[in-house]
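# Architecture and fold: a report
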Amino acid sequence: MNYVAPLRDMRFNLHELFDVSAHCERLGNGLDRELIDGVLEEAARYTGGEIAPLNRNSDEEGVTLENGEVRTPQGFVEAYRQYVDNGWASMTGPTEYGGQGFPQLVACNFHEMLMAASLSFRIYSGLTEGAVLALYKHGSEALKNAYLEKLVSGRWSGTMCLTEPQAGTDLALLRTRAEPQADGSYRVTGSKIFISGGEHDMSENIVHLVLARLPDAPAGVKGISLLLVPKFIANADGTPGERNALACGAIEHKMGIKGAATCVMNFDGATGWIVGEPNQGLACMFTMMNDARFQVGLQGLGIAEQAYQGALAYARERLQSRSLAGAAHPDKPADPIIVHPDVRRMLLTQKTLVEGSRMLAAYCARELDLEHGHPDAAARKAAGKRAALLIPIVKAFFTDMGQEVASLGVQVYGGHGYIREWGMEQLMRDSRITQLYEGTNGIQALDLIRRKLMGDGGAELKAIADEFLALCDALADVQALADLVAPVRARLQEWRALTDEVLARIAQDPQEIGAVSVDFLQYSSYVLLAGLWLKAAGRAQQVLAAGSDEAAFYDAKLHSARFYVRRVLPRASAHREALLGGADCLMAMPEAQFAF
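Per an unreviewed UniProt entry, the protein is named 3-methylmercaptopropionyl-CoA dehydrogenase, and its organism is Stutzerimonas balearica DSM 6083. Regarding the protein, the UniProt comment filed under Function (unreviewed entry) reads as follows: "Involved in the assimilation of dimethylsulphoniopropionate (DMSP), an important compound in the fixation of carbon in marine phytoplankton, by mediating the conversion of 3-(methylthio)propanoyl-CoA (MMPA-CoA) to 3-(methylthio)acryloyl-CoA (MTA-CoA)." You can read under Sequence similarities (unreviewed entry) in the UniProt record for the protein the words "Belongs to the acyl-CoA dehydrogenase family."

In structure tokens form, the structure reads like this:
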């Protein structure tokens, strides 16, 4: 399968919906439209020409472990060298440590391209950016000076080591120990599992950020510290030095992402250093975790874009039967399947979910940028609150969407979609992990309800709803959009009322927190995308009314918005009815009665 980056749609979001030039001016980074477009065009060439051709082979070849050393699939080392040498690794890094300081609003497009071209390849670099963020925000000056520049450049890569065999979601159960040493370092002992890129042959050094307990740590999550534990301890001149006492004990044999090394990492008294304050490791790790969850959302988006491209190409070429309205191509023995309503249903579902999610990714990325880079402290705090609300939605909805869109891709191909050589089944296998790691989607839904909705009584969510209700007001007099404004307005008002209903139910019964969470997240996601599709339709109508030589592009936006509102948004009703069904029907049946 080929991959062509959707540059026109990305530019529509950046320049026409979110005004990236004004955004960059606000952040003071000096980026302009010409530079941004040039970078994304080069990114498209790199991902389509160098990375995408590696994807099929990486799935067939996988990774190998010999004597504690992991060998990545053929072509990965050279592609990663280009990734570093051409500055892609340092794209979002802080400028004082050699980074280019690109905002997430721009970088998320390149990262989506990487995910679409080869998710396995992207996984090796994906957590490095989060490690940079955590170390930059919480690390000592000595650790920053020793490790940040190399991590920012990509010459060294980073990992996140949380999970243990007995401690997945419940990190209070972790057992890895960190013993203080006379020189201020710690000896870290324990095993971590499911470590993406824990060992590989692509970078000079691998820097692990590890959660562990100090000897006098209190019980539970309040007794967790974060430590930097490198594969090679850095020399004074910044080169990799002594090999640390850690090793990859095994690699997992997985359903998908077979070209990515998922490692069991054993720390046998390895030397490490505290990042942040003792017993405050979870708060430090969440700096990295939020970035990782946003990136995993982009993984779902990238997979979905690739699946849509493959399905669309196949639907245009595959000849089967005649159109219900009569032969569309009488010169051919049959019509291409894109003429059939059900195939169009699948393609338009893919298209509107992908493009709607891309708009939501940009919306969230903008808030992440403002949280870290706005010159005003109050604005940073407000943006942080908005980003925190959006992160679990982006992670969970995008990855569920990626699996659905990949499954629809298989369906469009029919029997050929089930055959490996066409590539679609690989996308479906690769995407499945995204719903699990960095916190399962059920955990994301609980986070949305417990930490975000209950944390402020729904105030931030209602503020988002009000923002899109204001958009409805602004477009109310545009007659051509009346069929979109009215249903979107009704859903936004329903969203506000449903929020109050959910909070009231939770106050009466804490079991409702878990009972409503997944359906409320899904409901919220569909309504958010509806608001963004209305925003896109408003811009498209404005351009078409003024006249444009790209009328087909903007007309497609209007068609897509109408399909989404009429055929996809109604899914929200099912989620609303389900969550209002109550917790009692989930919890009333005795456990023994689950047996058959």
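Back to the text.
A few words now on the nonpolar core. Residues Leu360, Trp495, Phe520 and Tyr564 are the most contacted members of the largest nonpolar core, which totals 163 residues. In terms of residue count, helix H16 (residues 511-546) provides more of this core than any other element does, 17 residues in total. Ignoring any residue separated from it by four or fewer positions in sequence, one finds Phe520 in contact with Leu448, Ile449, Leu453, Leu461, Trp495, Leu498, Thr499, Val502 and Leu579. With 32 residues, the next largest nonpolar core counts Leu151, Trp156, Leu174 and Met285 among its residues.

What follows concerns the pairing of strand S9 (residues 240-243). Here strand S8 (residues 232-234) pairs with S9 via two bridges, running antiparallel. Looking at S9, one finds that Phe232 is bridged to Arg243. Turn length for the S8-S9 hairpin, with the two strands adjacent in sequence and antiparallel, is five residues, and the turn residue Gly238 shows positive phi of about 85°.

Right, let's get into the packing of helix H9 (residues 281-317) against helix H11 (residues 377-413). The N-to-C vectors of H9 and H11 enclose an angle of 20°; their axes lie 8 Å apart at closest approach. For the element pair H9 / H11, the angle class is roughly parallel. In this structure, H9 crosses over H11, and the sense of that crossing is left-handed. When its residues are assigned to classes, the contact of H9 with H11 shows 19 nonpolar, seven polar and two charged.

Here the UniProt-annotated "domain: Acetyl-CoA dehydrogenase-like C-terminal" (unreviewed entry) positions come out as residues 473-590. Taken as a whole, residues 473-590 contains 81% helix and 0% strand, while its terminal C-alpha atoms sit 50 Å from one another.

Scanning all chains against the criterion turns up one cavity of 30 Å³ or more. There is about 130 Å³ of room inside the largest cavity. At the level of secondary structure, the elements contributing two or more residues to the lining of the largest cavity comprise helix H7 (119-138) and H9. Classifying every residue of the lining of the largest cavity gives six nonpolar, four polar and two charged.

So, on to the packing of helix H6 (residues 104-117) against H9. Here H6 crosses H9 at 55°, and the two axes come no closer than 8 Å. With respect to H9, the element H6 is oriented oblique. Crossing hand, H6 versus H9: right-handed. When H6 is examined against H9, the residues Gln104, Cys108, His111, Glu112, Met115 and Ala116 are found in contact with a partner set consisting of Asp291, Phe294, Gln295, Leu298, Gln299, Leu301, Gly302, Ile303, Glu305 and Gln306. A per-class count over the contact of H6 with H9 returns seven nonpolar, six polar and three charged.

Moving on to the packing of aromatic side chains. One pass over the full model with this rule turns up 18 aromatic pairs. The interplanar angle of 70° and the centroid separation of 5.6 Å between the aromatic rings of Phe12 and Phe553 together place this pair among those described as edge-to-face. Of the two residues, Phe12 sits in helix H1 (residues 7-17) while Phe553 sits in helix H17 (residues 551-568), which places them 541 residues apart along the sequence. Of the residues examined, Phe12 reaches a relative accessible area of 0% and is grouped as buried. Grouped by ring-pair contacts, the aromatic residues Tyr46, Phe76, Tyr80, Tyr83, Trp88, Phe110, Phe121 and Tyr124 constitute a single cluster. Residue placement shows Arg243 over the ring face of Phe232; its charged tip is 5.6 Å from the ring centre. A cation over a ring is seen here: Lys535 above Phe18, with NZ or CZ 5.9 Å from the ring centre.

Rules behind the numbers
Residues numbered from 1 in each chain as written. Predicted model: local features only at pLDDT ≥ 70, side-chain atom pairs only at ≥ 80, totals over all residues. Heavy atoms only, no water. UniProt positions renumbered as here; feature names shortened; annotations may be inferred. Core = buried A, V, L, I, M, F, W, Y, C linked by side-chain atoms within 4.5 Å. Buried < 20%, exposed > 50% of the residue type's maximum accessible area, 1.4 Å probe, protein only. Helix = DSSP H or I, 4+ residues; strand = E, 2+ residues; numbered from the N terminus. Contact = heavy atoms within 4.5 Å. Pairing = 2+ DSSP bridges. Axes fitted to C-alpha atoms, helices over the stretch in contact; angles between N-to-C directions. Parallel < 35°, antiparallel > 145°, perpendicular 65-115°, else oblique. Left-handed = near helix turned anticlockwise from the far one by under 90°. Nonpolar A, V, L, I, M, F, W, Y, C, P; charged D, E, K, R; others polar. 1 Å grid on protein atoms, 1.4 Å probe; cavity = no way out; pocket = protein on both sides within 12 Å on 5 of 7 lines; lining within 4 Å. Points joined across faces, edges and corners; volume = space filled by probe spheres on them. Phe/Tyr/Trp six-rings, centres within 6.5 Å; stacked < 30°, edge-to-face > 60°. Lys NZ or Arg CZ within 6 Å of the ring centre and 35° of its normal.

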